[in-house]
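Given next are the chains, with one letter for each unit.
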Amino acid sequence: FIGHEIYHVPAPHVEGLPKINNIIYKTGVEELKWIEETTSKIGEWRDTIRSTYIRWAITINGLHVAAEKYKDPKWKQNNEFYITGFRMEAGVRPTVAKLVTWDGDTAADAHLKTVNMIASYGIIDLYSCFEEMIFDFYRTYLKDNPGNFIVGPENRDLRRLHRNKENDLEAWNKAWKERLDKWQRKKIYDGLDQVFLSYMNTAGLEKPSSYKHTTPETWAETIKEIAILRNCLTHGEKHYPQELADISKKPHGLGFNFEAGAEINLSTKHLMSVELFADQLLSAINLSLVEKGESEYKKYSS
């Protein structure tokens with residue numbers, strides 16, 4: 001829904017440019033190409049997560065608009081609300097039939113009761129974006145820094161393919177993808193918050209120098225908060241658990257302030273908070289990558 005444009009800025013003079021949300025770190029140093037590739041993905045992921053939020057926000061907005069319509073006295077005076085579905089006609093073929101018929105007030109109430117469910121689906125969908133994004137960044141780093149992933153007797157063939165990748169890149173890419181896919185399936189059981197911290201530590205990324213109040217550890221705990229909520233929703237939990245309530249009350253707890261034992265009831269505001277965190281997290285990672293690139297470049301150019 002959003003999209004973005006890329007501007008080439010060869011010097012630190014950015015007068016006249018539109019608002020910049022993402023910085024792509026360009027480099028001629030081969031060892032830093034993973035930073036260039038990752039920063040090139042920041043804008044794409046920002047758009048993906050924002051568009052995911054927009055789709056669910058549109059859906060919830062539609063429920064509210066519909067509720068207002070069906071509560072309107074003029075509509076109720078001459079109309080009724082009904083939902084159709086398929087039913088077998090004479091046991092031979094499916095035909096369209098009315099499954100329920102409601103007056104306007106009942107229909108309006110049913111639409112509003114659906115908001116919590118739709119917001120729940122939105123949280124689940126947004127969480128999947130976090131999962132895909134974090135593993136995408138992690139795999140981008142590991143692609144150029146296979147390190148421990150190709151050591152040991154069990155990876156003998158992988159090391160051979162790596163040494164010979166310039167002659168048979170397709171074989172290496174296939175084997176490497178299989179290796180990473182196997183790793184990712186196991187790694188996710190650590191918890192997405194721990195996967196994120198592992199990525200930051202493995203890639204040598206730190207909080208941007210200008211950040212005073214948050215750290216990768218607080219970002220990870222916020223990711224854990226979203227993960228716990230998502231797990232509650234996917235497993236049919238009806239009430240907020242204590243762990244989720246405790247995190248939600250912290251300064252980086254997205255402002256949810258959940259009460260342990262209270263019934264789970266979500267709205268657009270919860271989706272808004274998750275999308276905002278994603279936007280801020282991407283900015284933090286972006287700046288961290290740029291500072292990492294500048295720091296590493298000095299080593300290679302000295």
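What counts and what doesn't
- Along every chain, residues carry numbers that run from 1 in the direction the sequence is written.
- For a predicted model such as this one, the threshold for reporting local features is a pLDDT of at least 70, and the threshold for listing and counting side-chain atom pairs is 80 or more; totals across whole chains, interfaces and linings nevertheless cover every residue.
- The side-chain values count all of the structure's non-hydrogen atoms but skip hydrogen atoms and water molecules.
- A helix here means a DSSP run of H or I that spans at least four residues, while a strand means a run of E at least two residues long, and both kinds are numbered starting from the N terminus.
- Note that the radius of gyration is over C-alpha atoms, with the globule rule given as 2.2 Å times the number of residues to the power 0.38.
- In this analysis, two residues are considered to be in contact whenever any of their non-hydrogen atoms come within 4.5 Å of each other.
- Per-residue and other accessible areas follow the Shrake-Rupley method at a 1.4 Å probe size, with only the shown protein chains counted as cover for residues.
- Residues enter patches when their relative accessible area tops 30% and they take part in no salt bridge; the joining distance is 9 Å for like charges and 5 Å for the nonpolar side chains Val, Leu, Ile, Met, Phe, Trp and Tyr.
- By definition here, a salt bridge exists when the distance from a side-chain nitrogen of Lys or Arg to a carboxyl oxygen of Asp or Glu is within 4 Å.
- The buried label applies to any residue whose accessible area, calculated with a 1.4 Å probe on protein chains only, is under 20% of its type's maximum; exposed applies above 50%, and partly exposed to all values in between.
- A pair of strands is labelled paired if DSSP reports no fewer than 2 bridges between them.
- Comment: arc refers to directions from the helix axis out to C-beta atoms.
- Here a polar contact is taken to be a pair of N or O atoms separated by no more than 3.5 Å, where protein atoms must pair a possible hydrogen donor with a possible acceptor and residues adjacent in sequence count only if both atoms sit in side chains.
- As a rule, the C-alpha atoms of each element are fitted with a line to give its axis, helices using only the stretch in contact, and angles between N-to-C directions run from 0 to 180 degrees.
- Roughly parallel covers angles under 35 degrees, roughly antiparallel covers those over 145, roughly perpendicular covers 65 to 115, and oblique covers all other angles.
- Throughout, a crossing is termed right-handed when the near helix is turned clockwise from the far one, and left-handed when it is turned anticlockwise from it by less than a right angle.
- Three classes are used: nonpolar for Ala, Val, Leu, Ile, Met, Phe, Trp, Tyr, Cys and Pro, charged for Asp, Glu, Lys and Arg, and polar for all others, with Gly counted as polar.
- Stacked, edge-to-face and tilted labels apply to pairs of Phe, Tyr and Trp rings (six-membered ring for Trp) whose centres lie within 6.5 Å, assigned for plane angles under 30 degrees, over 60, and everything in between, in that order.

Visitor: Break down the overall build of the chain for me, with residues and values.
Guide: Each helix and strand counted, the chain has ten helices and two strands in total. Computed over the C-alpha atoms, the radius of gyration of the chain is 25 Å, more than 25% above the 19 Å expected from 2.2 N^0.38 for a compact globule of 302 residues. Across the chain, contacts joining residues at least 24 apart in sequence account for 66% of those joining residues at least 6 apart. In the structure as shown, the chain presents an accessible area of about 17,900 Å², 51% of it carried by carbon and sulfur atoms.

Visitor: Provide a residue-level description of a nonpolar patch on the surface, including the pertinent values.
Guide: On the surface, Tyr7, Ile20, Ile23 and Leu287 cluster together into a nonpolar patch covering about 330 Å² of accessible area. Topologically, Leu287 is positioned in helix H10 (residues 268–301). Assessed through its relative accessible area of 31%, Leu287 is described here as partly exposed.

Visitor: Explain unusual backbone geometry to me, using residue names and the numbers behind them.
Guide: Within the chain, Leu254 stands out as a residue other than glycine whose phi angle is a positive 65 degrees. Checked against the element boundaries, Leu254 lands in the loop between helix H9 (242–248) and H10.

Visitor: Report on the pairing of strand E1 (residues 81–89), specifying residues and quantitative values.
Guide: By the bridge criterion, nine bridges tie E1 to strand E2 (residues 93–102) in an arrangement that is antiparallel. Note that in E2 the partner of Phe86 across the bridge is Val96. Here E1 folds back onto E2, and the loop between the two strands holds three residues, one of which, Ala90, carries a positive phi near 55 degrees.

Visitor: Any details on helix H3 (residues 104–113)? Residues and values, ideally.
Guide: Among all positions in H3, only Gly104, Ala107, Ala108 and His111 are buried. The buried residues of H3 all sit within an arc of 100 degrees when viewed along its axis, so they share a single face. Between the side-chain oxygen at the start of H3 and the backbone nitrogen of Asp105 there is a gap of 3.2 Å, and the oxygen is on Asp103.

Visitor: Residue-level account of the packing of helix H7 (residues 192–202) against helix H8 (residues 216–234), with values.
Guide: One can describe the packing of H7 onto H8 by two numbers: an axis separation of 8 Å at closest approach and a directional angle of 155 degrees. The angle between H7 and H8 falls in the class roughly antiparallel. Crossing hand, H7 versus H8: right-handed. Listed contacts from H8 to Leu192, Asp193, Phe196, Leu197 and Met200 of H7 are Pro216, Glu217, Trp219, Ala220, Ile223 and Lys224. Among the residues forming the contact of H7 with H8, the class breakdown is eight nonpolar, no polar and three charged.

Visitor: So, the packing of aromatic side chains: which residues are in play, and what are the values?
Guide: We describe a pair of aromatic rings using the distance from one ring centre to the other and the angle between the two ring planes. Following the criterion strictly, the structure yields 17 aromatic pairs and no others. Relative to Trp219, the ring of Phe196 lies with its centre 6.4 Å away and its plane at 55 degrees, an arrangement referred to as tilted. Highlighted residues: Phe196 in helix H7 and Trp219 in helix H8, separated in sequence by 23 residues. Across the pair, Trp219 and Phe196 agree in class, each one buried.

Visitor: Describe the environment of Leu229, listing the residues and the values that go with them.
Guide: Here Leu229 shows up in helix H8. As for Leu229 and Met200, which are separated by 29 residues in sequence, their C-alpha atoms are 23 Å apart. Excluding residues within four positions of it along the chain, Leu229 makes contact with Ile123, Tyr240, Leu244, Phe256, Phe258 and Leu266.

Visitor: Help me get a handle on the environment of Trp34, residues and values and all.
Guide: Summarising the element assignment, Trp34 is placed in helix H1 (residues 33–71). For Trp34, a relative accessible area of 3% gives the class buried. Residues Trp34 and His162, spaced 128 residues apart in sequence, show a C-alpha to C-alpha distance of 17 Å. The contact partners of Trp34, leaving out residues within four places of it in the chain, are Thr140, Tyr141, Asp144, Asn145, Tyr199, Ala203, Leu205, Leu289 and Lys292.

Visitor: Explain the pattern of salt bridges to me, using residue names and the numbers behind them.
Guide: By the definition in use, this model includes 22 salt bridges. For the salt bridge of Arg93 with Glu89, the shortest nitrogen-to-oxygen distance reads 3.9 Å. Notably, a salt bridge pairs Asp181 with Arg139, separated by 3.0 Å at the nearest N-O pair. One end of the pair, Asp181, is in helix H6 (residues 169–187); the other, Arg139, is in helix H4 (residues 115–144), with 42 residues separating them in the sequence.

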